[in-house]
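In case you want the letters, here they are:
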Amino acid sequence: MRVALAYSGGLDTSVAIRWLQVRYGYDVVTVTVDVGQGDDLKAIEDRARAIGAVKHYTIDAREEFARDYVMPCIRANGLYEGKYPLATALARPLIAGKVVEVARREGTSILAHGCTGKGNDQVRFDVTMRALMPNCTIIAPIRDMNMTRDEELEFARQEGIELAAESKRYSIDQNLWGRAIEGGDLEDAESEPKADAFRWVNVDPALLPDDSAYMSIEFDHGIPVAVDGVKAHPSGSGMVEMIEYANERAGRYGVGIVDHIEDRVVGIKSREVYEAPAALTIIEAHRELEKLVLTSHQLRFKQIVEQQWSILAYSGLWLEPLRLDLDRFIASTQEYVSGKVTLKMYKGSFRVVSRSSPYSLYDEGLATYTKGSTFDQSLARGFVELWGLQSMVANRVRGVAYESGAGMQESMPRRVSMHGQG
Ligand code: ARG
């Protein structure tokens, strides 16, 4: 019997190949999906075969990832808990889908992945695989056997499994949209990440450019179509190169590190460190453009939608119908999100310094304090009176007065403070 295994080439999935073979007696078909992780894919294929895979698929999904996962994230300003641009979370449902496709082609409904039982990735894989292939059997050897990293290393040694010679200091997951660095001394929430944790973002003060730099991003219906001169098409072509360019450019100026405490789906809090120069700059630029072209009502409601969208994407519910409903709402808001935003970067900091759009709602004639104002100030008087009307009535009824040194005082006793005094 065949099993289709999502294979990254790392420790967990390499152990999984041999485990599925020797403990279950399966013929293992490995599937490596390129989402821009920058690995040597030929070496990964060779490793899979050396460990015992009977067949291997390498699938280049970079453009699909950029178009169908990263672009919706940009339109949604997708930042989980306000910080994490969801790189790993977005790639998992795509990878799960490819594994299901391979399983169908290989005539099996047995699927496998190398996730542990402590993280989010198991949730993303299992939920998406079951959504796409309801009758499937999912095997996750590391989780099922409750293996620790040391036990995995011991199993790999016993079985003579060759591992990549990369640094064992950190556990890395990276793709086009970001790089997650975990483990090692990063597990101590009190300790600052050492410089060797970073690959994409320049953190060495001696190497950071002394000058500031600009990066301009053009959007068409909420989709970035050019970063500086590097163009992309909404159909997907050029998006990979454009995002890679933004990662490189912003990273060089020290921009793009996230260090925060994150709530995993399984209830564990974890200290997470990311590099995501393109994601952070493009999302900030997109958000700023939206502020130029959307009404305050649209902006405020969209923020609620964005938060829900990010929670669904993070927690493995990419195929939950609500996510599709939210994406339809978001698509409708993007009709006028076209224009150009320029960011200024300097030694790790960045901010938007310029924005423009043919659909701008910003009217200098209305906003100006100088001569040439088109705004009739006398209209404001009545508006302000009505704006504060309810507050004024409430404070009169409750006898609120200001006393110097004591702040605001109510003469009427508060009902809540009377509770239980009776
Ligand atoms: N905490 C992030 C997430 O859940 C990053 C996870 C990185 N994954 C990994 N297998 N190392 O999306």
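### Points about the overall build of the protein
For step 1, the next point in the chain: Helix and strand content of the protein: 15 helices and 16 strands.
For step 2, the next point in the chain: Per-residue burial over the protein gives 46% buried out of 422 residues.
For step 3, the next point in the chain: Long-range pairs, those at least 24 residues apart, make up 69% of the contacts in the protein between residues at least 6 apart in sequence.
For step 4, the next point in the chain: Element-wise, carbon and sulfur atoms account for 51% of the exposed surface of the protein, whose accessible area totals about 21800 Å².

### Considering the packing of helix H4 (residues 87-105) against helix H5 (residues 121-132)
Helix-helix packing is described using two parameters, namely the angle between the two axes and the distance between the axes.
For step 1, the next point in the chain: It is the contact of H4 with H5, at a shortest axis distance of 9 Å, that shows an interaxial angle of 40 degrees. Judged by the inter-axis angle, H4 sits oblique to H5. The chirality of how H4 crosses H5 is right-handed. Residue-level inspection shows Thr-88, Ala-89, Arg-92, Pro-93, Ile-95, Ala-96, Gly-97, Val-99, Val-100 and Arg-104 of H4 in contact with H5, the latter providing Asp-121, Arg-124, Phe-125, Thr-128, Met-129 and Leu-132.
For step 2, the next point in the chain: Grouping the constituent residues of the contact of H4 with H5 by class yields 9 nonpolar, 3 polar and 4 charged.

### Structural notes on the sheet that holds strand E4 (residues 110-112)
For step 1, the next point in the chain: Across the sheet, which stays open at both edges, the 5 strands sit in the order E3-E2-E1-E4-E5 with parallel pairing between neighbours. Strands at the two margins of the open sheet, each flanked by one partner only, are strand E3 (55-60) and strand E5 (137-139). Taken over all neighbouring pairs, the strand axes of this sheet differ in orientation by 25 degrees on average, direction set aside.
For step 2, the next point in the chain: Along the sheet face, H4 touches strand E1 (2-6), strand E2 (27-34), E3 and E4 and points at about 140 degrees away from the line of E2.
For step 3, the next point in the chain: Against the sheet, H5 contacts E1, E4 and E5, and its axis sits at roughly 160 degrees relative to E5.

### Regarding the site of the ligand
For step 1, the next point in the chain: Neighbouring residues of the ligand: 15 residues in total, closest Tyr-84, Asn-120, Arg-124, Glu-182 and Glu-262.
For step 2, the next point in the chain: Here an oxygen atom of the ligand sits 2.7 Å away from a polar atom, N or O, in the side chain of Asn-120.
For step 3, the next point in the chain: A distance of 2.9 Å is found between a nitrogen atom of the ligand and a side-chain nitrogen or oxygen belonging to Asp-121.
For step 4, the next point in the chain: For the ligand, whose accessible area on its own is 340 Å², the fraction buried by protein is 87%.
For step 5, the next point in the chain: Sorting the residues of the shell around the ligand by element identifies H4, H5, strand E6 (171-175), strand E7 (178-182) and strand E12 (269-275) as the ones contributing at least two each.
For step 6, the next point in the chain: Counting residues per element, the shell around the ligand draws most heavily on H4, which supplies 3 residues.
For step 7, the next point in the chain: Split by residue class, the shell around the ligand holds 5 nonpolar, 3 polar and 7 charged.

### Re the pattern of salt bridges
Two side chains with opposite charge may pair up if their charged atoms get near one another.
For step 1, the next point in the chain: Per the stated rule, a full pass over the model turns up 30 salt bridges.
For step 2, the next point in the chain: Put simply, Arg-62 and Asp-60 hold a salt bridge, and the shortest N to O gap is 3.0 Å.
For step 3, the next point in the chain: Two residues, Arg-92 and Asp-173, come together in a salt bridge whose shortest N-O distance is 3.1 Å. Of this pair, Arg-92 sits in helix H4 while Asp-173 sits in strand E6; the two residues are 81 residues apart in sequence, bridging distant segments of the chain.
For step 4, the next point in the chain: Judged by its relative accessible area of 23%, Asp-173 falls in the partly exposed class.
For step 5, the next point in the chain: Through salt bridges with shared partners, a single ionic network connects Arg-92, Asp-121, Arg-124 and Asp-173.

### Quick notes on the sheet that holds E7
For step 1, the next point in the chain: Pairing is antiparallel across the open sheet formed by 4 strands, whose spatial order is E6-E7-E12-E11. Looking at which strands have only one partner, the edges of the open sheet turn out to be E6 and strand E11 (257-263). Taking the axes of each pair of neighbouring strands and ignoring which way they run, one obtains an average angle of 25 degrees across the sheet.

### Topic: helix H8 (residues 239-252)
For step 1, the next point in the chain: For H8, with 14 residues, the first-to-last C-alpha span of 20 Å sits near the 20 Å given by 1.5 Å per residue.
For step 2, the next point in the chain: Residues of H8 that are buried: Met-239, Val-240, Met-242, Ile-243, Ala-246, Asn-247, Arg-249, Ala-250 and Gly-251.
For step 3, the next point in the chain: Where H8 is buried, its residues touch helix H3 (62-75), strand E8 (213-220), strand E9 (223-227), strand E10 (230-231), helix H9 (277-293) and strand E13 (339-346).
For step 4, the next point in the chain: Directly beyond the C-terminal end of H8, a positive phi value near 80 degrees is found at Gly-254.

The rules behind these values
Residues numbered from 1 in each chain as written. Predicted model: local features only at pLDDT ≥ 70, side-chain atom pairs only at ≥ 80, totals over all residues. Heavy atoms only, no water. Helix = DSSP H or I, 4+ residues; strand = E, 2+ residues; numbered from the N terminus. Buried < 20%, exposed > 50% of the residue type's maximum accessible area, 1.4 Å probe, protein only. Contact = heavy atoms within 4.5 Å. Areas by Shrake-Rupley, 256 points an atom, 1.4 Å probe, with all protein chains shown as cover. Axes fitted to C-alpha atoms, helices over the stretch in contact; angles between N-to-C directions. Parallel < 35°, antiparallel > 145°, perpendicular 65-115°, else oblique. Left-handed = near helix turned anticlockwise from the far one by under 90°. Nonpolar A, V, L, I, M, F, W, Y, C, P; charged D, E, K, R; others polar. Pairing = 2+ DSSP bridges. Near = heavy atom within 4 Å. Polar contact = N/O pair within 3.5 Å; in protein donor to acceptor, adjacent residues only side chain to side chain. Salt bridge = Lys/Arg side-chain N within 4 Å of Asp/Glu carboxyl O. Expected span 1.5 Å × (residues − 1).

Geometric values such as these leave the question of function open.
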